[in-house]
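Summary of structural features
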Amino acid sequence: MSERHLQPLLHDLVGVVHAPTSALGDAAGQIRPSGVQGVFHADARVLSRAELRVDDREPEPVARGAAGPHGTRFVTLARWLGDPGADPTVRIDRTRLAGPHGITEELHIRSTAAVPVRATVSVDLGCDLAPIELVKSGGSGSPLEAKAGEPGRIEWAAEGLIVTVTGEAAIVDAAGDRAVAPRLSWPVDLTPGGSVTLRWRLAVTDPNAVVATPQAALDWSVPEVRADDRRLVRLLDRSLADLRALRLADPAHPEDVFLGAGVPWFLTLFGRDSLWAARMMLPLGTELAAGTLRVLARRQGTRTDPATGEAPGKILHELRRHEFALPAHELRLPPAYYGTVDATLLWVNLLHDAWRWGLPADQVEPLLPHLEAALRWLGEHADADGDGFVEYVDTTGHGLANQGWKDSGDSIRFRDGRLAQPPIVLAEVQGYAYAAAANGAALLDAFHRPGADRWREHADQLARRFRTAFWVDGRYGPQPALALDRDKRPVDSLTSNIGHLLGTGLLSDDESAQVAALLSTEALVGGFGLRTMSTDDAGFSPLSYHCGSIWAHDTAIVLGGLAQAGFAEAALRLADGLLDAAEAFDYRLPELYGGDDREALGRPVPYPAACHPQAWSAAAAVALLQAGVGLYPDVPGGRVQVRPLAGPELGALAAGGLRVAGAPVTVDVDRSGQPTVTGLPARLTVTIAPHIPTPRPAPPTETPTPTS
């Protein structure tokens, strides 16, 4: 039997992050030499072990909690020390803080015993400098030998990385067998009622990292939120702390900030993830969007290179320090990889949306040549076979087989479970393309540049082709297919992808209403959010990465589309699922979780390899806040539409410190759903938009014969 290379589980690990540094350990606070535990800097594991012992015994964990945006405090007990009664009298509080270039730990040991306590506190360390892709595939590096230097100091070095651990007043043992498992130790004497604090720190010198910590201060506002549903406030607080920790910058342009995608696998620049997260954050200001747009524009494709997926005008998928290779999955991605079908379109749409939120003209104008290049990619490179649709295929054999956001190899399935064969034409990508063409035209017109009419016509033609090719008969009436396969057959499973079409302009009002009805079926919304695939489809599995699980960002995107279109009932159902999930995950929404029915366990089932924190999952909290207050500005058009979800079902909701055209804005929605908006620039006119009844989905029919 061949050996399986299994991705390590991380759902129950506890992380701290200050990008590009992150640390993952167990619930007791230990970092053990197994799985994905360790301290990472950018794409390398710089510490693989940090195990605390007292007299060579592990303290017993009893609690843990956040210590600011970058830290965690673990409470443990040494019950074998101190008084002999039932009450513990020796306690160790272990506080781990991540910094941009390493971590620090503080060990606060306190005795309430009536007798003196003497013990030796130690931390066993290890370093393998394993690349992140090796860890992701279930492997590990060989332990490196440490070099002891100045008192209390240990160092490892390889491949340009220098890792240093310093223990204040610590004794270092790095001789003999301890060379690959060095130990810091401190003898401790505590008088009755006494305490002592011990400290050690890890510092990383990494000149080859492709990302850096921003030099700029926090570049979004922190809103003041009052809500009848306190879950929303707690989710927002935790999410904004996580987003603060995920901020990254281009080392050559540290003033431009973007969000790293997630811990631990994706703490770098990811086109799609960074763009979606910045788009969700627009209610808090346009600075993050502007930085993200500029960072990606500098790496916009200029040539045709099948090996990297680069094409003129194309936006990057991901950036690494070296090749990202998972041999067991036949995956080998170059350091700068362009294998994404949607990032270019999302870049255009983010530029447009940031402009509508008030991104100043002097920041938009330098990006217009990149906009024109992106539109040329749409017109000249995105449609390889000339059928008028945007499609993808990996021609290398070692890139991503699927290049939409559902990028696992088995994500594009027919209703009967068969895999679709590439080239693949994804439904939601056609919506992004329609919006990019229409939004690009609006920007070209506004800044007096040529070509707008061409792109409006492009959008109109795409809508007509989509209407003819994608709509199929489904179990609940007409539905957009997930995709077209290589033979242009509709891939007829019912998935969350169709929700991304809302608000793009690709659908008519009647089609949007039908999509809203489909998104209200129990088959899609019977869990804690929106399932990626309906339970009626043969490929459904609640713990499939993209065929039945629930992704927070996916749910938030669709919720936002429903809310803005006025389908409040459907949007509220998704909002409730997302808030219930947030409560279950201690208000840190993971990358994804199981799509089980709510009644199965009464709480969502963790997806065991989900990243947390993750940028677009955390930014989903801001998208939910925006839908709650219903604020939709068009600064260039001089108007703001308000259509809140808050009211009788979600309760009253007020948010101060939102940003429109740089001005602080407050939206206060009472329990009846009546909004009050203050602080808007005087040139903007407010319109209150009504809600639209969500159509009821058609009763389920017998499953039609799948497309052959």
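Residues numbered from 1 in each chain as written. Predicted model: local features only at pLDDT ≥ 70, side-chain atom pairs only at ≥ 80, totals over all residues. Heavy atoms only, no water.

1. Thoughts on the overall build of the protein
Scanning the protein from N- to C-terminus turns up 15 helices and 36 strands. Along the first, second and third principal axes, the C-alpha atoms of the protein reach 80 × 55 × 55 Å. Buried residues in the protein amount to 60% of all 708 residues. When contacts within the protein are restricted to residue pairs at least 6 apart in sequence, those whose partners lie at least 24 apart make up 65%. If you sum the accessible surface of the protein, you get close to 26,200 Å²; carbon and sulfur atoms cover 50% of it. Each charge sign in the protein was given a centre, from 65 positive and 86 negative side chains, and these centres are 3 Å apart. (Helix = DSSP H or I, 4+ residues; strand = E, 2+ residues; numbered from the N terminus. Buried < 20%, exposed > 50% of the residue type's maximum accessible area, 1.4 Å probe, protein only. Contact = heavy atoms within 4.5 Å. Areas by Shrake-Rupley, 256 points an atom, 1.4 Å probe, with all protein chains shown as cover. Lys, Arg positive; Asp, Glu negative; His and termini not counted. Charge placed at Lys NZ, Arg CZ, Asp CG, Glu CD.)

2. Digging into the nonpolar core
Counting 173 residues, the largest nonpolar core has Trp 347 and Leu 562 as its most contacted members. The element that contributes the greatest number of residues to this core is helix α15 (residues 615–629), accounting for twelve residues. Contact partners of Trp 347, with chain neighbours within four places excluded, come to Leu 275, Leu 293, Leu 296, Ala 297, Ile 315, Leu 367, His 370 and Leu 371. Ranked by size, the runner-up nonpolar core spans 41 residues in total, among them Val 39, Ile 109, Ala 146 and Ile 154. (Core = buried A, V, L, I, M, F, W, Y, C linked by side-chain atoms within 4.5 Å.)

3. Section: the packing of helix α7 (residues 368–380) against helix α8 (residues 427–446)
Helix-helix packing is characterised by the crossing angle of the two axes and by the distance between the axes. Running from N to C, α7 and α8 point in directions that differ by 145°, and their axes come no closer than 11 Å. When you trace α7 past α8, the crossing you get is left-handed. Residue-level contacts link Leu 371, Glu 372, Leu 375 and Leu 378 of α7 to Ala 433, Ala 436, Ala 437, Gly 440, Leu 443 and Leu 444 of α8. (Axes fitted to C-alpha atoms, helices over the stretch in contact; angles between N-to-C directions. Left-handed = near helix turned anticlockwise from the far one by under 90°.)

4. Quick notes on the environment of Trp 355
Here Trp 355 is to be found in helix α5 (residues 343–357). For the pair Trp 355 and Phe 585, spaced 230 residues apart in sequence, the C-alpha to C-alpha distance is 35 Å. The contacts of Trp 355, once residues within four sequence positions are left out, are Val 364, Ala 442, Leu 443, Ala 446, Phe 447, Val 635 and Pro 636.

5. Considering unusual backbone geometry
With an omega of 5°, the peptide bond running from Val 263 to Pro 264 counts as cis. Position of Pro 264 among the secondary structure elements: in the loop between β19 (253–259) and α3 (271–280). Residue Pro 613 is reached from His 612 by a cis peptide bond, and omega for that bond is -5°. When you line up the elements, Pro 613 lands in the loop between α14 (598–601) and α15. You will see that Lys 488, though not glycine, has its phi angle at about 65°, which is positive. Structurally, Lys 488 is set in the loop between β27 (483–484) and β28 (490–491). Unusually for a residue other than glycine, Asp 586 sits at a positive phi of about 55°. Summarising the element assignment, Asp 586 is placed in the loop between α13 (568–584) and β30 (592–593).

6. Overview of the sheet that holds strand β36 (residues 685–688)
Strand order in the open sheet formed by three strands is β31-β32-β36, and the pairing between neighbours is mixed. The open sheet terminates on both sides in strands that have one partner only, identified here as β31 (631–634) and β36. Averaged over all neighbouring strand pairs, the angle between strand axes comes to 20°, with direction disregarded. (Pairing = 2+ DSSP bridges.)

7. Comments concerning the pattern of salt bridges
Scanning all chains against the criterion turns up 61 salt bridges. Residue Arg 279 is joined to Asp 353 by a salt bridge in which the shortest nitrogen-to-oxygen separation is 2.6 Å. Of this pair, Arg 279 sits in helix α3 while Asp 353 is found in helix α5, placing the two residues 74 residues apart along the sequence. What makes Arg 279 partly exposed here is its relative accessible area of 22%. Arg 489 is the salt-bridge partner of Asp 485, the closest N and O atoms lying 2.7 Å from each other. Through salt bridges with shared partners, one network takes in Asp 26, Arg 32, Arg 49, Glu 51, Arg 53, Asp 56, Glu 58, Asp 124, Arg 178 and Arg 183. (Salt bridge = Lys/Arg side-chain N within 4 Å of Asp/Glu carboxyl O.)

8. What to know about the packing of α5 against α7
The N-to-C vectors of α5 and α7 enclose an angle of 140°; their axes lie 10 Å apart at closest approach. The angle between α5 and α7 falls in the class oblique. Between α5 and α7 the crossing geometry is left-handed. On the side of α5, the interface is formed by Thr 344, Leu 345, Trp 347, Val 348 and Leu 351, while α7 contributes His 370, Leu 371, Ala 374, Trp 377 and Leu 378. Tallied by class, residues from the contact of α5 with α7 come to eight nonpolar, two polar and no charged. (Parallel < 35°, antiparallel > 145°, perpendicular 65-115°, else oblique. Nonpolar A, V, L, I, M, F, W, Y, C, P; charged D, E, K, R; others polar.)

9. A look at the sheet that holds β27
Taken in spatial order, the three strands line up as β24-β27-β28 in an open sheet, and their pairing is antiparallel. Each edge of the open sheet is held by one strand with a lone partner, namely β24 (425–426) and β28. Across two bridges, the pairing between β24 and β27 is antiparallel. The partner of Val 425 across the bridge, within β27, is Leu 484.

10. Quick notes on the pairing of strand β34 (residues 663–669)
Alternating residues of β34 divide into Ala 663, Val 665, Val 667 and Val 669, all buried, and Pro 664, Thr 666 and Asp 668, none buried. In terms of strand pairing, strand β33 (residues 653–660) meets β34 through six bridges, oriented antiparallel. Paired with Arg 659 across the strands is Pro 664, a residue of β34. Hairpin geometry of β33 and β34 is characterised by an intervening segment of two residues between the two adjacent antiparallel strands and by a positive phi of about 55° at Ala 661. Strand direction decides the pairing type here: β34 and strand β35 (residues 675–678), joined by four bridges, are antiparallel. Across the sheet, the residue bridging to Asp 668 is Thr 676, located in β35. Where β34 folds back on β35, the antiparallel hairpin that results is connected by five residues, among which Gly 673 adopts a positive phi of roughly 95°.

11. Let's talk about the packing of aromatic side chains
Using the criterion set out here, one finds ten aromatic pairs in the structure. Taken together, a centroid distance of 5.6 Å and an interplanar angle of 75° make the contact between Phe 389 and Phe 470 edge-to-face. A residue pair is termed long-range when its members are at least 10 positions apart, and Phe 389 in the loop between α7 and β24 and Phe 470 in the loop between α9 (452–469) and β25 (471–474) qualify at 81 residues. For Phe 389, a relative accessible area of 5% gives the class buried. Ring geometry for Trp 405 against Trp 551: centres 5.1 Å apart, planes inclined by 75°, an arrangement best described as edge-to-face. Linking Trp 405 in the loop between α7 and β24 with Trp 551 in strand β29 (residues 550–551), this pair joins segments that are 146 residues apart in sequence. Grouping aromatic residues by their ring pairs yields a cluster made of Trp 405, Tyr 545, Trp 551, Tyr 607 and Trp 616. (Phe/Tyr/Trp six-rings, centres within 6.5 Å; stacked < 30°, edge-to-face > 60°.)

12. A word on the environment of Gly 637
Looking at the secondary structure, you find Gly 637 in the loop between β31 and β32 (639–642). With 16 residues separating them in the primary sequence, Gly 637 and Leu 653 have C-alpha atoms 27 Å apart.

13. A closer look at the confidence of the model for the protein
When pLDDT is averaged along the protein, the result is 96; 98% of the residues meet or exceed 70. Below a pLDDT of 50 lies the segment residues 704–708, which in the model reaches twelve contacts outside its immediate sequence neighbourhood of four places, other chains included. (pLDDT = per-residue confidence, 0-100.)

14. Quick word on α13
Helix length check: α13, at 17 residues, gives a terminal C-alpha distance of 24 Å against a target of 24 Å (1.5 Å per residue), a fit within 8%. Taking burial as the measure, the 17 residues of α13 include twelve buried ones, the bulk of the element. Residues Ala 568, Ala 570, Ala 571, Leu 572, Leu 574, Ala 575, Gly 577, Leu 578, Leu 579, Asp 580, Ala 581 and Ala 582 constitute the buried set of α13. (Expected span 1.5 Å × (residues − 1).)

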